[in-house]
Amino acid sequence: MESILFDAIVVSMASGALFLTLHLVLWQWLAPERKGVFLIVGVAVVSYGLMVAGSWMFLNLPPQMHLWTSGPLFMLLLMGYLHLYVGIERSVSLRILGELVRAEENRLTLENLHEIYPYDYMIRHRVDLMVETNWLIESDEKYSCAAKGESLSRVAIFLKKCYGMELTG
């Protein structure tokens, strides 16, 4: 039993290391428009699949011996990493902090920050993405929720009430 658990941990960690390596290499070479959620999912599936197949072929470790342990452990590692990645990629606060670190004397005025990261860009970028992914519908220069956007919004509103939150985002 201990050997099976150890094998599952090794497969998960090796899959995670392969995923991290492939992700970092691909993200250096690919154009921004080619990067996205589906590619990350593909890289994760390929990484885990290669490690499961490799452990079966080279270590004679059948997948049924560890799949129910190594799979969820790999997913846990993947979710932790993706939380970090998305936080770095999408965080307005981290971008502002980065701009301050890069600035002369590490200081900027609010007006300087507006020049670097205008409010219009923040909203326009998110709205355009939601239109592109069919969360919003644009008509006559006005926006409305698509069906899936409305569903998600209702769930979020309900959860905010449950948590006692008023302003978020």
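The preceding data block contains the structure.
Residues numbered from 1 in each chain as written. Predicted model: local features only at pLDDT ≥ 70, side-chain atom pairs only at ≥ 80, totals over all residues. Heavy atoms only, no water.

Draft legend 1. View of the pattern of salt bridges. A full pass over the atoms with the stated rule returns four salt bridges. With its nearest N and O atoms 3.7 Å apart, the salt bridge here joins Asp128 to Arg124. One end of the pair, Asp128, and the other, Arg124, are both in helix H6 (residues 119-132), four residues apart, so they sit about a helical turn from each other. What emerges from the salt-bridge pattern is a single network uniting Arg95, Glu99 and Arg102. (Salt bridge = Lys/Arg side-chain N within 4 Å of Asp/Glu carboxyl O. Helix = DSSP H or I, 4+ residues; strand = E, 2+ residues; numbered from the N terminus.)

Draft legend 2. Structural detail: the side chain of Ser70. Position of Ser70 relative to the elements: it lies in helix H3 (residues 67-90). Ser70 has contacts with Ala8, Val11, Ser12 and Tyr48, leaving out every residue within four places of it along the chain. (Contact = heavy atoms within 4.5 Å.)

Draft legend 3. Region of interest: helix H2 (residues 37-59). The end-to-end C-alpha distance of H2 is 32 Å, a good match for the 33 Å that 23 residues give at a rise of 1.5 Å each. All of the buried residues along H2 are Ile40, Val43, Ala44, Ser47, Tyr48, Val52, Gly54 and Ser55. On its buried side, H2 packs onto helix H1 (2-29) and H3. Just past H2, the residue Asn60 takes up positive phi, approximately 55°. (Expected span 1.5 Å × (residues − 1). Buried < 20%, exposed > 50% of the residue type's maximum accessible area, 1.4 Å probe, protein only.)

Draft legend 4. Structural detail: the pairing of strand E1 (residues 136-139). Two elements, E1 and strand E2 (residues 142-145), share four bridges in a ladder whose sense is antiparallel. Among the inter-strand pairings, Leu136 is bridged to a residue of E2, identified as Cys145. If you look at the hairpin formed by E1 and E2, you'll find two residues sitting between the two strands, and Asp140 has a positive phi there, around 55°. (Pairing = 2+ DSSP bridges.)

Draft legend 5. Geometry of the packing of H1 against H3. Taken N-terminus to C-terminus, the directions of H1 and H3 make an angle of 35°; their axes are 8 Å apart at the nearest point. Viewed along their axes, H1 and H3 form a crossing whose handedness is right-handed. A per-class count over the contact of H1 with H3 returns 16 nonpolar, six polar and no charged. (Axes fitted to C-alpha atoms, helices over the stretch in contact; angles between N-to-C directions. Left-handed = near helix turned anticlockwise from the far one by under 90°. Nonpolar A, V, L, I, M, F, W, Y, C, P; charged D, E, K, R; others polar.)

Draft legend 6. Molecular detail of the packing of aromatic side chains. Applying the stated criterion across every chain yields a total of five aromatic pairs. When the centroid spacing of 5.3 Å and the interplanar angle of 20° are considered together, the rings of Tyr48 and Phe74 count as stacked. Here Tyr48, found in helix H2, pairs with Phe74, found in helix H3; they are 26 residues apart in sequence, far enough to count as distant. Since its relative accessible area comes to 14%, Tyr48 is described here as buried. Aromatic pair Tyr81 and Tyr85: ring centres 6.5 Å apart, planes at 20°, arrangement stacked. Here Tyr81 pairs with Tyr85, and both are found in helix H3, just four residues apart, close to one helical turn. For the pair Tyr81 and Tyr85, one class covers both residues: buried. Counting every residue linked through ring pairs, the aromatic cluster contains Phe19, Trp27, Tyr81 and Tyr85. If you follow Lys148 out to its NZ or CZ, it ends over the ring of Trp135, 4.7 Å from the centre. (Phe/Tyr/Trp six-rings, centres within 6.5 Å; stacked < 30°, edge-to-face > 60°. Lys NZ or Arg CZ within 6 Å of the ring centre and 35° of its normal.)

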